[in-house]
Amino acid sequence: MKLTVTHTLTCPLASPSRAVEHVLLTALSTPQQRVERWSIEMPGFADAATFRDGFGNKAYLVSQTKPGDTLRVTVSGTVETIDRAGVLGRLEYDPPPAMFRRPTRQTKPDAALIDGIDPSGGRIAALHEIMGRLHEGRAAMHQSQSAGVQEQASGSAPADLAHAFIGAARALDIPARYVTGYLLDEDGAASFHAWGEAFDEGLGWIGFDALLNVCPTERHIRLAAGLDAIGTMPVRMVPASTEVPAETIEIVEG
Amino acid sequence: MLGRTAQNLFWLSRYIERAENMARLLEVGYRMSLTSQREGGASEHLVSMLRAAEVDEDFERKHEVADVANVSQFMLFDETNPSSVRSCLLAARTNARSVRTALTSDMWESLNSAWLEFASIDPRETTGSRLVELLRWVRTVSHRYRGALLSTFLRDDGYAFSQIGNFVERADNTARILDMKYYVLLPRTDLIGGDVDIQQWTLILRAASAHRSYRHVYHDRFKAWNIADYLILRPEMPRSLIFSIGWINRTLDMLEEIYGGKGAGHAAAAEVTAMLEGNSMDRIFAYGLHDFLTEFISKNNQITEAIAESYNFY
Amino acid sequence: MPGPSAFDEMTNADGSVREPYRVLEQWLKEQKPQALGLMAADAEGIFRRLGITFAVYGSNEGTEKLIPFDIIPRIISAIEWRKLSKGIEQRVRALNAFLHDIYHRQEILKAGRVPEKLILNNSAFCPEMMGLDPARGIYSHIIGVDLVRVSPDEWYVLEDNLRTPSGVSYMLEDREAMLQLAPDLFQRTKVAPVETYPENLRRTLESVAPRGASGSPTLAVLTPGIYNSAYFEHSFLADQMGAELCEGQDLFVENGKVYMRTTTGPRRVDVIYRRIDDDYLDPLTFKPDSMLGVPGLFDAYRAGNVTLVNAPGTGIADDKAVYTYVPEIIEFYLGEKALLSNVPTYNCTKPDERAYVLEHIAELVVKEVHGSGGYGMLVGPTSTREQHELFRNKIIERPDNYIVQPTLALSTCPTYVDAGIAPRHVDLRPYVLVGDQIRITPGGLTRVALKEGSLVVNSSQGGGTKDTWVLED
């Protein structure tokens, strides 16, 4: 499926004399996606340094002198996605998977989530079970909540679910990582998205999207992976942005 | 050279010069208070001295009576008074520590041992002749530092920033001393000053260590016009305004040679120079001595801002 | 309890003087009774004037302490030193190889020689360093190895300091002071020079400049500032090797490169000898609230535009829990047996070892895994019953947080104290530079516990220092 993304972020700044950003907004070609064209526009990008970070992502270090009171980032690209039932496999720059057993503050395991699950009976089945439980839990929560709270909760839902999934997998000694990307849902709505990937000795890395209860499809575009959401923030900056950036995301087929 | 290093050298010299000036002011205030006391031991000389140092309000918040004991404690040892000798020496040493590698060991040792000696002084034991002795010691600290600087410091940009700081501070101080008593310097019809005037004039000259050298230059009795002329326009007087700005100009030229270009400091210094060169006391009195000094202090401050801007102080 | 049984560096049990100390012994005999006291007073004056102090945390600004300097040198023979330096070099090679492996393919973990979780879940492991290729493959360029001696031939490594070891300025200044105080002593014997250290440090730093740096790379020492306890050392080293002493605010990152703010505008920096801890190095990558660091510095490093010395994440190799595996690490990478011994260490997470520790705590030394500076430490034989009980409970509560070792009978060295010359316990920290070659400065810093019987040599706990001599053949 050929998808064309346009994503803009507008970050408010307190007019510092200098701003520095670590940008993780680059889609790379993988067995699940072939990147035809990808570009980032923001002040200072022409002079940015680019490198592979410790997690295999392509990162940019961008800086501006007297950037004013907002910073605008525009990402656009076209990607041919391939549905491989969520199997990413192994990427050239992947660090050893064992590293992704390291617990972080955002990925504390929830004992109830892995209660009774025994990965020795099959890792992939266990991971599907965790994803299913998370999805059901969320559906149940959805029903019991008022409309107002629902909306609030859904704002961070992909991140929370991905963290819960990763925490559970790591608690079972399965390497798992946090993945950011874009999603074009069945209704045609586009969003910035997050899901988990867990490692299997045979298949390599496999994606699990607990929000949708599926392994990533051709409607997912993968950007970056890391230990948790903090490590994979699309734009991390100093001075830290005082507010959440305003975003617009558009994804069209073709 | 790091912009911060230049900044630290500049302020280091300013603080040492300030400590010296504060000691001199206090010494004069102390002398005067011995001969003319108000009720309750307070001395108007001490009060005007506090005003000249712009710390009179801070003082009043902490002390009721401006007597020798209170004022000397406040001007020597008070940590909350940014112009106290203690604060100046500590700030100088802190700046020196930051730029330890830019100083010669003689400069560093003079500051370090000065601070260690000062820190070991018991404030309660500094009265009477001990006080005067301590104030003289503060002046020798400044002289020692300056001597070490002049005889060991490489004549490069670091030297230039030190010198500019030193003379910006000195000019500021001399202008404040004059402004503190400007009214006794105004031309009046009675040509011969009374005893009160003579006392006030002596105070001004002493505060600039100029009461003896005055005689060498003027071969005359103390006269208001001469005193103002001496501290403002006499190029051979090392604490006069014109001497200080002359030194600043020469040092800025040295920086220009090192860096190959003029900075905003040149323009700011040129404005100060224009107030002095080719000027006469007649014209300054006609303009208004107080207004002249106020304008001078403000323009002199702009030199600091201008060089901070052009040489990346932050 | 150590004491009479401890090995003395100068005098044998039968009262005879060991070979390396013969000249010193003769010299001491010749000194008039008052001479040593005067010399000690002169030494204090020298150090105070030079401003060689360390700030004491929590005390008022402007209050700094002198680390006491003992005027009697500690002496090591050429043969002893050759043996030691071989062992040190071996360790340093192996630990750098270990760091490279840990931050790349992690073969040693795959081989099961070091437990995976001990490394990968360790807070000292820095995932951001994965896959990064530092210049010449070196992670820890400046190393201090802490050694203690228990007999003529037995040295033990207490710990490897691979992050930002301090104290080298004391080594250099102790020698300067000694040369001033006792020039005649140096005329009678050949002592290997230590004053080559700053030049060698400069060469080491230049040799690891990033590709694309000019022929004469720009070096900077990055300090947390004047209130840091080791600030004197930072400024001393910057001065001695002709590098700019910078605080975080003096540096900035632009177009992926690091610059310092100078009076004439930005100047590119190639190599940074940083004396700021990993966490505070760069608020963009590590602690976001750090005011000491330089935003973007780590990314500029990753992009290959600057070299950080030492690399972030080297702490994983000197973690106290990893320490016990160093002999294994040496074998794995070099295929050799370790030349220097580790102190036998009890692992409190193993039930039988823990049981032994709890029962014999009064004879043992307990150290916190992440502690330093002699804090959070128990020396059993010199502690009270209450302290024993306190540490028993601590170990039961968090067995993984402590390592436990037998109390070593640290060697003693004659030391000038109030009562005259008396034996005091010493350790030794030689300094190693790793760049285009491995350079070990002959000697190092000898720390001495000035309190009679004390085994704690840390300056924060009342320890002093001695000039350390390696004799030349």
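For the structure, see preceding data.
Draft legend 1. Representation of the overall build of chain C within the structure. Along chain C, the regular secondary structure elements total 15 helices and 23 strands. The C-alpha radius of gyration computed for chain C amounts to 23 Å, which stays within 12% of the reference 23 Å derived for 473 residues, consistent with globular compactness. On the principal axes, the C-alpha backbone points of chain C span a range of 65 × 60 × 45 Å. Taken across its 473 residues, chain C has 59% of its residues classed as buried.

Draft legend 2. How the structure looks around unusual backbone geometry. With an omega of 0°, the peptide bond running from Val 238 of chain A to Pro 239 of chain A counts as cis. Of note in this structure, Ser 15 of chain A is not a glycine but carries a positive phi near 40°. For Ser 15 of chain A, the location among the structural elements is in the loop between strand E1 (2-12) and strand E2 (18-23). Among the residues examined, Ser 15 of chain A registers a relative accessible area of 46% and is labelled partly exposed. At Arg 136 of chain C, a position not held by glycine, the phi torsion is positive, near 60°. You can see Arg 136 of chain C is positioned in the loop between helix H5 (116-120) and strand E4 (142-151).

Draft legend 3. Highlighting the sheet that holds strand E17 (residues 402-406) of chain C. Residues and elements named next belong to chain C. Strand order in the open sheet formed by four strands is E14-E17-E15-E16, and the pairing between neighbours is antiparallel. In the strand order of this sheet, the two ends are held by strand E14 (346-347) and strand E16 (377-379), each with one partner. In this sheet, E17 lies alongside E14 in antiparallel orientation, the contact comprising two bridges. In the sheet register, Asn 347 faces E17, and the bridge partner there is Ile 403.

Draft legend 4. The pattern of salt bridges, seen in detail. Residue and element names in this part refer to chain C. All told, the structure shown has 61 salt bridges over all chains when counted by the stated rule. Put simply, Arg 105 and Glu 107 hold a salt bridge, and the shortest N to O gap is 3.0 Å. The class of Arg 105 is exposed, set by a relative accessible area of 54%. Since its relative accessible area comes to 33%, Glu 107 is described here as partly exposed. Taking the shortest distance from any N to any O, the salt bridge between Arg 113 and Glu 328 comes out at 2.6 Å. With Arg 113 in the loop between helix H4 (107-110) and H5 and Glu 328 in helix H13 (residues 326-334), this residue pair connects regions lying 215 residues apart in the sequence. When its relative accessible area of 30% is taken as the criterion, Arg 113 is described as partly exposed. Residue Glu 328 is classed as partly exposed on the basis of its relative accessible area of 30%.

Draft legend 5. Summary view of the interface of chain C and chain A. Counting from both sides, the interface comprises 29 residues of chain C and, opposite them, 26 residues of chain A. Carbon and sulfur atoms make up 59% of the surface buried where chain C meets chain A, a total of about 2,200 Å² over both sides. Counting across the chain C and chain A interface gives three salt bridges. Counting every contact that joins chain C to chain A gives eleven residue pairs in polar contact (both at pLDDT 80 or more). Looking at the side of chain C that touches chain A residue by residue, the class counts come to eleven nonpolar, ten polar and eight charged.

Draft legend 6. Structural context of helix H9 (residues 231-241) of chain C. Residue and element names in this part refer to chain C. With nine of eleven residues buried, H9 lies mostly within the body of the structure. Tyr 231, Phe 232, Glu 233, His 234, Ser 235, Phe 236, Leu 237, Ala 238 and Met 241 are the residues of H9 that are buried. A positive backbone phi angle near 70° is found at Gly 242, which sits one or two residues after H9.

Draft legend 7. Highlighting the interface of chain C and chain B. Each partner contributes residues to the interface: chain C has 26 residues there, and chain B has 26 residues. Taken over both partners, the interface formed by chain C and chain B buries close to 2,200 Å², and the fraction arising from carbon and sulfur atoms is 48%. Two residues, Arg 4 of chain B and Glu 247 of chain C, come together in a salt bridge whose shortest N-O distance is 3.3 Å. Secondary-structure elements contributing two or more residues to the side of chain C that touches chain B are helix H2 (35-50), H9, strand E7 (244-246) and strand E9 (257-262) of chain C. In terms of residue class, the side of chain C that touches chain B is built from eight nonpolar, nine polar and nine charged.

Draft legend 8. Quick peek at the environment of Glu 336 of chain C. Residues and elements named next belong to chain C. Relative to the helices and strands, Glu 336 resides in the loop between H13 and strand E13 (341-342). Among the residues examined, Glu 336 registers a relative accessible area of 38% and is labelled partly exposed. Between the C-alpha atom of Glu 336 and that of Ser 5, which follows or precedes it by 331 residues, the distance is 33 Å. Engagement of the side chain of Glu 336 in a polar contact is seen with the side chain of Gln 90, the distance being 2.9 Å.

Draft legend 9. Focus on the pairing of E9 of chain C. Residue and element names in this part refer to chain C. Here four bridges tie strand E8 (residues 251-254) to E9, and the two strands are oriented antiparallel to one another. Note that in E9 the partner of Val 253 across the bridge is Val 258. Once E8 ends, the chain turns through two residues before running back antiparallel as E9, passing Asn 255 with a positive phi of about 35°. The pairing of E9 with strand E10 (residues 265-268) spans four bridges and is classified as antiparallel. Paired with Met 260 across the bridge in E10 is Arg 267. In this structure, the hairpin formed by E9 and E10 is closed by a connection of two residues.

Draft legend 10. Inspection of the packing of aromatic side chains at higher detail. Taken as a whole and assessed by the stated rule, the structure comprises 36 aromatic pairs over all chains. Residues Phe 298 of chain C and Tyr 301 of chain C carry aromatic rings whose centres are separated by 6.0 Å and whose planes lie at 65° to one another, so their mutual orientation is edge-to-face. With Phe 298 of chain C and Tyr 301 of chain C both in helix H10 (residues 297-302) and three residues apart, this pair spans about one turn of that helix. An aromatic cluster of three or more residues is present, and its members are Phe 10, Trp 11, Tyr 15, Phe 161, Tyr 259, Tyr 311 and Phe 313 of chain B. When the ring centre of Phe 100 of chain A is taken as origin, the NZ or CZ atom of Arg 177 of chain A, which lies over that ring, is 5.5 Å away.

Draft legend 11. Region of interest: the sheet that holds E7 of chain C. Residues and elements named next belong to chain C. Within the open sheet, the four strands sit side by side as E7-E6-E11-E12. Their pairing is parallel. One side of each edge strand has no neighbouring strand; the edge strands of this open sheet are E7 and strand E12 (307-309). When the angles between neighbouring strand axes are averaged without regard to direction, this sheet yields 25°. As defined by bridge partners, strand E11 (residues 271-274) adjoins E12 across three bridges and the pair is classed as parallel. What sits directly across from Ile 272, in E12, is Leu 308.

Draft legend 12. Quick peek at the pairing of strand E12 (residues 235-238) of chain A. All names here are of chain A. Neither face of E12 is left uncovered, since the one carrying Val 235 and Met 237 and the one carrying Arg 236 and Val 238 both have all their residues buried. Summarising the sheet, E2 and E12 pair through four bridges and their orientation is antiparallel. When the sheet's bridge partners are listed, Glu 21 is paired in E12 with Met 237.

Draft legend 13. Up close: the nonpolar core. In terms of nonpolar packing, the biggest core is built from 149 residues, with Leu 25 and Ile 40 of chain A together with Tyr 103, Ile 119 and Tyr 197 of chain C touching the most fellow members. Each residue touching Ile 40 of chain A, except ones within four places of it in the same chain, is listed here: Val 23, Leu 25, Thr 26, Phe 45, Tyr 60, Val 73, Thr 74 and Val 75 of chain A. By size, the runner-up hydrophobic cluster in this structure holds 111 residues, among which are Leu 26, Val 138, Ala 160 and Ala 224 of chain B.

Draft legend 14. Summary view of the environment of Pro 399 of chain C. All names here are of chain C. Topologically, Pro 399 is positioned in the loop between helix H15 (385-397) and E17. We classify Pro 399 as buried; its relative accessible area is 19%. Each C-alpha atom of the pair Pro 399 and Thr 349 lies 5.3 Å from the other, and the pair is 50 residues apart in sequence. Apart from the residues within four sequence positions on either side, Pro 399 is in contact with Cys 348, Thr 349 and Arg 354.

Draft legend 15. Looking closely at the environment of Leu 183 of chain A. All names here are of chain A. Along the chain, the position of Leu 183 falls in strand E8 (residues 176-184). You can call Leu 183 buried: its relative accessible area is 5%. With near-sequence residues (within four places) excluded, Leu 183 lies in contact with Ala 189, Ala 190, Ser 191, His 193, Leu 212, Arg 219, His 220 and Ile 251.

Draft legend 16. Seen up close, the side chain of Arg 447 of chain C. All names here are of chain C. Topologically, Arg 447 is positioned in strand E22 (residues 445-449). Residue classification places Arg 447 among the buried positions, given a relative accessible area of 15%. Sequence-distant contacts of Arg 447, defined by excluding residues within four places in its chain, comprise Asp 146, His 425, Val 426, Asp 427, Arg 429, Val 457, Asn 458, Gly 464 and Thr 465.

Draft legend 17. Representation of helix H5 (residues 85-98) of chain B in the model. Taking 1.5 Å of rise per residue, 14 residues should cover 20 Å, and H5 of chain B covers 20 Å from first to last C-alpha, within 8% of that figure. Burial of H5 of chain B is extensive: 13 of the 14 residues sit out of reach of the surface.

Cut-offs used in this document
Residues numbered from 1 in each chain as written. Chains lettered and ligands numbered in written order. Predicted model: local features only at pLDDT ≥ 70, side-chain atom pairs only at ≥ 80, totals over all residues. Heavy atoms only, no water. Helix = DSSP H or I, 4+ residues; strand = E, 2+ residues; numbered from the N terminus. Rg over C-alpha atoms; globule rule 2.2 N^0.38 Å. Buried < 20%, exposed > 50% of the residue type's maximum accessible area, 1.4 Å probe, protein only. Pairing = 2+ DSSP bridges. Salt bridge = Lys/Arg side-chain N within 4 Å of Asp/Glu carboxyl O. Contact = heavy atoms within 4.5 Å. Buried area = accessible area lost by both parts, 1.4 Å probe. Polar contact = N/O pair within 3.5 Å; in protein donor to acceptor, adjacent residues only side chain to side chain. Nonpolar A, V, L, I, M, F, W, Y, C, P; charged D, E, K, R; others polar. Phe/Tyr/Trp six-rings, centres within 6.5 Å; stacked < 30°, edge-to-face > 60°. Lys NZ or Arg CZ within 6 Å of the ring centre and 35° of its normal. Axes fitted to C-alpha atoms, helices over the stretch in contact; angles between N-to-C directions. Core = buried A, V, L, I, M, F, W, Y, C linked by side-chain atoms within 4.5 Å. Expected span 1.5 Å × (residues − 1).

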